Amino acid sequence: MRTVKPKKFLGQHFLKDLHIAQRIADTVDVCPDIPILEVGPGMGVLTQFLIEKKRPLTVVELDFESVAYLREHFSLQEEHIIEQDFLRMDLSRIFDGQPFVLTGNYPYNISSQIFFKMLEYKNWVPCCTGMIQKEVAERIAAKPGSKTYGILSVLIQAWYHVEYLFTVDEHVFNPPPKVKSAVIRMTRNETVDLGCNEMLFKQIVKTTFNQRRKMLRNSISTILDKNTELAQDPIFNKRPEQLSVQDFIDLTNRIEMVVRKP
């Protein structure tokens, strides 16, 4: 069978460098002895090295041509090659409900959505690794005070330790993307409960960063009346990138006490 042609509408950029593929595959070793779920395997450049890990491996691929290629060239059983949209899957049923490592050379056009999906299933995903756009990796790993610190930074770092591992140049892909890429690893931290209303926490993080140039007092006015006594606290003179994850948790608890008052 001939090789698969990368499809722009699926955000496909096939990795050609086997050394880099091996390095990416080895990032899953931080969580040994549990199954692996690979997203967007394409023609299996990463898959071939994941198979060598000698543990259960399932791949999820939306592109029917890539699925046909994988079935022809790899010894994975039929049920371990899933032709489906990862974003629509119930991850709690993969591997009969066991925890698993999530990895892949993620499609660039949905990488952020993949990580929001990971957060929904954080109790099943103790480790997530893979390659994404460099700028997205930098956002995820950013610390408070950085210009790249934002929604993904806070929501992911609330639950995961983040490691920016290494940068990947454009020339090792077919076709070469217009941006550099990076390999990242996220491992669950010790947090089992944020200690606040998680839905309100996410609402506050998203609301404030969607108006990141504004002081909190103004950006959060859709949730909290800026004329309330709480809104006069000095913290509301700050902008969202100045707040740590714990600051957002504390802020969530204080706001909930006010908005819940009769």
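Residues numbered from 1 in each chain as written. Predicted model: local features only at pLDDT ≥ 70, side-chain atom pairs only at ≥ 80, totals over all residues. Heavy atoms only, no water.

Novice: Please clarify how the overall build of the protein should be interpreted in this entry.
Specialist: When helices and strands are tallied, the protein shows nine helices and nine strands. Taking 2.2 N^0.38 as the reference for a compact globule, 262 residues should give roughly 18 Å; the C-alpha atoms of the protein span a radius of gyration of 20 Å, in line with that estimate. Overall size of the protein, expressed as C-alpha extent along the three principal axes, is 70 × 40 × 30 Å. Here the protein holds 262 residues, and the buried ones make up 52% of them. For the protein, the accessible area works out to roughly 13100 Å², and carbon and sulfur atoms hold 49% of it. (Helix = DSSP H or I, 4+ residues; strand = E, 2+ residues; numbered from the N terminus. Rg over C-alpha atoms; globule rule 2.2 N^0.38 Å. Buried < 20%, exposed > 50% of the residue type's maximum accessible area, 1.4 Å probe, protein only. Areas by Shrake-Rupley, 256 points an atom, 1.4 Å probe, with all protein chains shown as cover.)

Novice: Is there a simple way to explain the sheet that holds strand E3 (residues 57-61) in this structure?
Specialist: The strands that make up a sheet pair up through hydrogen bonds in the backbone, lying either parallel or antiparallel. Sheet architecture is open: seven strands sit in the order E4-E3-E2-E5-E6-E9-E7, paired in mixed fashion. Looking at which strands have only one partner, the edges of the open sheet turn out to be strand E4 (81-83) and strand E7 (160-168). Strand-to-strand, the axes of this sheet are offset by a mean angle of 20°, without reference to chain direction. Examined bridge by bridge, strand E6 (residues 127-133) and strand E9 (residues 181-188) share seven bridges and lie antiparallel to one another. By the bridge assignment, Gly130 is partnered in E9 with Ile184. Taken strand by strand, helix H4 (residues 111-120) contacts strand E2 (36-39), strand E5 (101-103), E6, E7 and E9, and its axis lies near 165° from that of E6. Set on the sheet, helix H5 (residues 134-141) makes contact with E6, E7 and E9; between it and E6 the angle comes to about 135°. (Pairing = 2+ DSSP bridges. Axes fitted to C-alpha atoms, helices over the stretch in contact; angles between N-to-C directions. Contact = heavy atoms within 4.5 Å.)

Novice: I'm lost on the packing of helix H7 (residues 198-209) against helix H9 (residues 245-259) in this one. Help?
Specialist: The relative placement of two packed helices is expressed as an angle between their axes plus a distance between the axes. Following both chains from N to C, one finds H7 and H9 inclined at 110°, their axes separated by 9 Å at the closest point. The angle between the axes of H7 and H9 places the two elements in the roughly perpendicular class. In terms of crossing hand, the pair formed by H7 and H9 is right-handed. Contacts from Leu200, Phe201, Ile204, Val205, Thr208 and Phe209 in H7 reach Val245, Phe248, Ile249, Leu251, Thr252, Ile255 and Glu256 in H9. Class assignment for the residues of the contact of H7 with H9 results in ten nonpolar, two polar and one charged. (Parallel < 35°, antiparallel > 145°, perpendicular 65-115°, else oblique. Left-handed = near helix turned anticlockwise from the far one by under 90°. Nonpolar A, V, L, I, M, F, W, Y, C, P; charged D, E, K, R; others polar.)

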